[in-house]
Amino acid sequence: MALIGCLLMVSALTGAAPAGAASVTLGSRLSTGGLGPLKIGMSVSAAGDVVGSGFDPTQLSGESPADNACFWGGISPKRYGVSVLGTGFRIAVVFVSKRSVATTRDIRVGDSVAKLFRAYGSGLHAKPNFYSPSEIHYELAVGNRKLLFYVSRAGKVSGMQAGRKPEIDYVEGCA
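Residues numbered from 1 in each chain as written. Predicted model: local features only at pLDDT ≥ 70, side-chain atom pairs only at ≥ 80, totals over all residues. Heavy atoms only, no water.

Student: So what's going on with the packing of aromatic side chains? Which residues, and what values?
Tutor: Geometry of an aromatic ring pair is reported as the spacing of the ring centres plus the angle between the planes. Counted by the stated rule, this structure contains three aromatic pairs. Centre to centre, the rings of tyrosine 120 and phenylalanine 149 are 5.4 Å apart; their planes meet at 45°, and the pair counts as tilted. Here phenylalanine 149 lies in strand E11 (residues 145–151) and tyrosine 120 lies in helix H2 (residues 113–120), a separation of 29 residues in the sequence. (Phe/Tyr/Trp six-rings, centres within 6.5 Å; stacked < 30°, edge-to-face > 60°. Helix = DSSP H or I, 4+ residues; strand = E, 2+ residues; numbered from the N terminus.)

Listed below in structure tokens is the structure:
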């Protein structure tokens, strides 16, 4: 996913997870609330406590919560394909780009659209892709939260997101 805008690289200090702290695992489940212990609305410092040194946020814009500071961060282990987007120093969207973790209804990257509809049914709504309107993705909205499922031309889930509005509707980073 392309990120356009001011890429102000800032190092973020996150310590190792405290003893007994939860982390994102293959058993973590994606929902409108987040991914396992990584919750939508969680502060950057709390996310660092949850995932430890495996969180590497990079500031993209803004300097303070009042500026609605934007950041992007990968979550370790990288092989899971999990990352986050945040604003105001809070997690706003969780992305899953690999088959690693499933939703609460057992949908994973690589699953068929038929399986997606068996799991979520009429709650799913098709939306055109911003860059390629002939391609669609599916949304499941619950209050101010959404699950998004991107679909390949072969009819397979190619990526998943969970997050809050308005951030989950951003097209390129924080825009």
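Student: Describe H2, with residues and values.
Tutor: Buried residues of H2: Val113, Leu116, Ala119 and Tyr120, and no others. On an axial view of H2, the arc spanned by its buried residues comes to 120°, and they lie on one face. Contacts made by the buried residues of H2 are with strand E8 (102–103), strand E10 (136–142), E11 and strand E12 (157–164). Two residues or fewer after H2 comes glycine 121, characterised by a positive phi angle close to 55°. (Buried < 20%, exposed > 50% of the residue type's maximum accessible area, 1.4 Å probe, protein only. Arc of directions from axis to C-beta. Contact = heavy atoms within 4.5 Å.)

Student: Describe unusual backbone geometry, naming the residues involved and giving the relevant values.
Tutor: A cis amide bond links serine 76 with the next residue in sequence, proline 77, at an omega value of 0°. On the secondary structure map, proline 77 appears in the loop between strand E5 (70–75) and strand E6 (82–87). With a phi close to 60°, phenylalanine 89 is a non-glycine residue in the positive phi region. You can see phenylalanine 89 is positioned in the loop between E6 and strand E7 (90–96).

Student: Can you explain the environment of leucine 35? Please cite residues and give values.
Tutor: When you line up the elements, leucine 35 lands in strand E2 (residues 34–35). In this structure leucine 35 comes out as buried when scored by relative accessible area, which is 0%. Counting along the chain gives ten residues from leucine 35 to threonine 25, while the straight-line C-alpha distance between them is 9.3 Å. In this structure leucine 35 touches Val24, Ser28, Arg29, Leu30, Val82, Val94 and Val101, once residues within four positions along its chain are discounted.

Student: Which residues make up the sheet that holds E2, and what values go with them?
Tutor: Reading across the sheet, the four strands line up as E3-E2-E1-E8 and stay open at both edges, with mixed pairing between neighbours. For this open sheet the edge positions go to strand E3 (38–39) and E8, each flanked by a neighbour on one side alone. Two elements, strand E1 (residues 29–31) and E2, share two bridges in a ladder whose sense is antiparallel. The residue of E2 that forms the bridge with leucine 30 is leucine 35. (Pairing = 2+ DSSP bridges.)

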